[in-house]
Amino acid sequence: MRPPEATPAIHPPPPTDRRNFFKEALAVVIGAVLTLVPVAAGLSVFLDPLRRKSAARENFVKVATLDALPGDGVPRKFPVLASRTDAWNKYNNVPIGAVYLRRADGNQVQAVNVVCPHAGCFVDFSAERGDFLCPCHNSAFSVEGTLKPGSPSPRSLDALKVEIRNENEVWVAFQNFEAGRADKVPLA
Ligand code: FES
C-alpha cells in the first residue's frame, strides 16, 4: 500500500513582495494626483473667461416707454428698477441705477449710464448748454455722451444697449462699469 501523498504547503508571499506591491500602488496614486491637479487647474483657467462672460450676462430691464421720450432728442433721466433676491427674500422694483434716454432718429433710442466714469458722481443734463456736466470735477459730455476736451474723465459716458419691445417698451441692458479707467470694465 502506497503512503498518502503529502499535501503541498501554501506559503504566504514573502513580506518584501507585499511591501513592493504597496510601494508601487502608492506611486501610481501619487502620479495620478500629480497629473490631474495641473489639468484641473488648467481647465478652470481655460473656462474662467466663460464663467466671467456668463456672470456679466446682459441684464435687460424695462425702463420706459417710447411715448415718455420727447421727440426733440433731449435726454430724460429714468430710474432703473429690478428684482433682487437674497438668501431669504425677493424684493421687487429695487432701484439699481439710472440712465439718460434720448430719441435719436425716429424710434432709435440711445441710453447712457448716469454715472460719471471719472469717479462715480452722477452727471446732469443741461438743456440750456445742450450737454452733460459732472458736478464733481466738471467733466463735460456731448448730448450723445461723448467726452469733451479738457475733462478729467478718462472716457465718454457709458453707452448701454437698447431694445424696443412690443413696439413701445424701452428695455436697457443695464450695467455699471469701473470708474477711473479708459476702457469699459463691467462691474459684477
Ligand atoms: S466724478 Fe465726474 S468729473 Fe470727477
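Residues numbered from 1 in each chain as written. Predicted model: local features only at pLDDT ≥ 70, side-chain atom pairs only at ≥ 80, totals over all residues. Heavy atoms only, no water.

## Things to note about the pattern of salt bridges
Rule in force here: By definition here, a salt bridge exists when the distance from a side-chain nitrogen of Lys or Arg to a carboxyl oxygen of Asp or Glu is within 4 Å. Numbering of helices and strands runs from the N terminus; a helix is a DSSP stretch of H or I covering at least four residues, while a strand is a stretch of E covering at least two.
Going through the model one piece at a time under the given rule, you end up with seven salt bridges. Here E58 and K161 are joined by a salt bridge, their closest N and O atoms 2.4 Å apart. Taken together, the positions of E58 in the loop between α1 (15-55) and β1 (60-65) and K161 in the loop between β8 (159-160) and β9 (162-165) put the pair 103 residues apart, joining distant regions of the chain. Here D183 makes a salt bridge to R181, at a shortest N to O gap of 2.9 Å. Look at the salt bridges and you will find they share partners, linking R129, D131 and K148 into a network.

## Focus on the nonpolar core
Applicable threshold: Only buried residues count toward a nonpolar core. Its members are Ala, Val, Leu, Ile, Met, Phe, Trp, Tyr and Cys residues joined through side-chain atoms within 4.5 Å. Think of it in three bands: with a 1.4 Å probe and only protein chains considered, a residue is buried below 20% of the maximum accessible area for its type, exposed above 50%, and partly exposed in between. Any two residues whose heavy atoms approach within 4.5 Å are treated as being in contact.
If you look at the biggest cluster of nonpolar residues, it comprises 18 residues, and the most contacted ones within it are V63, V99, L101 and V172. Residue assignment for this core shows that the elements contributing at least two residues are β1, β2 (76-85), β3 (90-103), β4 (109-113) and β10 (169-173). In this structure V63 touches F78, P79, V80, V99, L101, V170 and V172, once residues within four positions along its chain are discounted. Grouped together as the second largest cluster of nonpolar side chains are twelve residues, V112, V123, F125 and C134 included.

## Describing the sheet that holds strand β5 (residues 124-126)
Spelled out, the test is: Paired strands are those between which DSSP finds at least two bridges.
Reading across from one edge, β5-β6-β7 is the order of the three strands in this open sheet, with antiparallel pairing throughout. For this open sheet the edge positions go to β5 and β7 (140-141), each flanked by a neighbour on one side alone. Inspection of the sheet shows strand β6 (residues 131-133) paired to β7 by two bridges, in the antiparallel sense. Its bridge partner being in β7, L133 is matched across the sheet by A140.

## A word on the side chain of R155
Positionally, R155 belongs in the loop between β7 and β8. Since its relative accessible area comes to 7%, R155 is described here as buried. Beyond its immediate chain neighbours, meaning those up to four positions away, R155 contacts P117, F141, L147, F177, E178, R181, A182, D183 and K184.

## A few points about the packing of aromatic side chains
The cut-off we apply is this: Aromatic rings from Phe, Tyr and Trp, taking only the six-membered ring of Trp, are treated as a pair when their centres fall within 6.5 Å; an angle between ring planes under 30 degrees marks them as stacked, one over 60 as edge-to-face, and anything in between as tilted. Two limits define a charge over a ring: the Lys NZ or Arg CZ must be within 6 Å of the ring centre, and within 35 degrees of the ring normal.
Per the counting criterion, the structure on display carries two aromatic pairs. Where Y100 meets F132, the ring centres are 4.9 Å apart and the plane angle is 65 degrees; that geometry is what we call edge-to-face. Here Y100 is found in strand β3, whereas its partner F132 is found in strand β6, with 32 residues between them in sequence. On the numbers, 5.0 Å between centres and 65 degrees between planes, the contact of F125 with F132 is edge-to-face. Among the aromatic residues, those joined into a ring-pair cluster are Y100, F125 and F132. Over the face of the ring belonging to W171 we find R165, whose NZ or CZ atom lies 4.4 Å from the ring centre. Positioned above the aromatic ring of F177 is the side chain of K184, whose terminal nitrogen or guanidinium carbon lies 4.8 Å from the ring centre.

## Some thoughts on the side chain of N113
Stated formally: Within 3.5 Å is the distance limit for a polar contact, defined as a pair of N or O atoms, with the added protein rule that one can donate a hydrogen and the other accept it, and that residues adjacent in sequence qualify only through two side-chain atoms.
Of note, N113 is situated in strand β4. By relative accessible area, N113 is classed as buried at 2%. In terms of polar contacts, N113 uses its side chain to reach the backbone carbonyl oxygen of Q175, at 2.9 Å. A polar contact is formed between the side chain of N113 and the side chain of N176, at a distance of 3.0 Å.

That is the geometry; function is a separate question.
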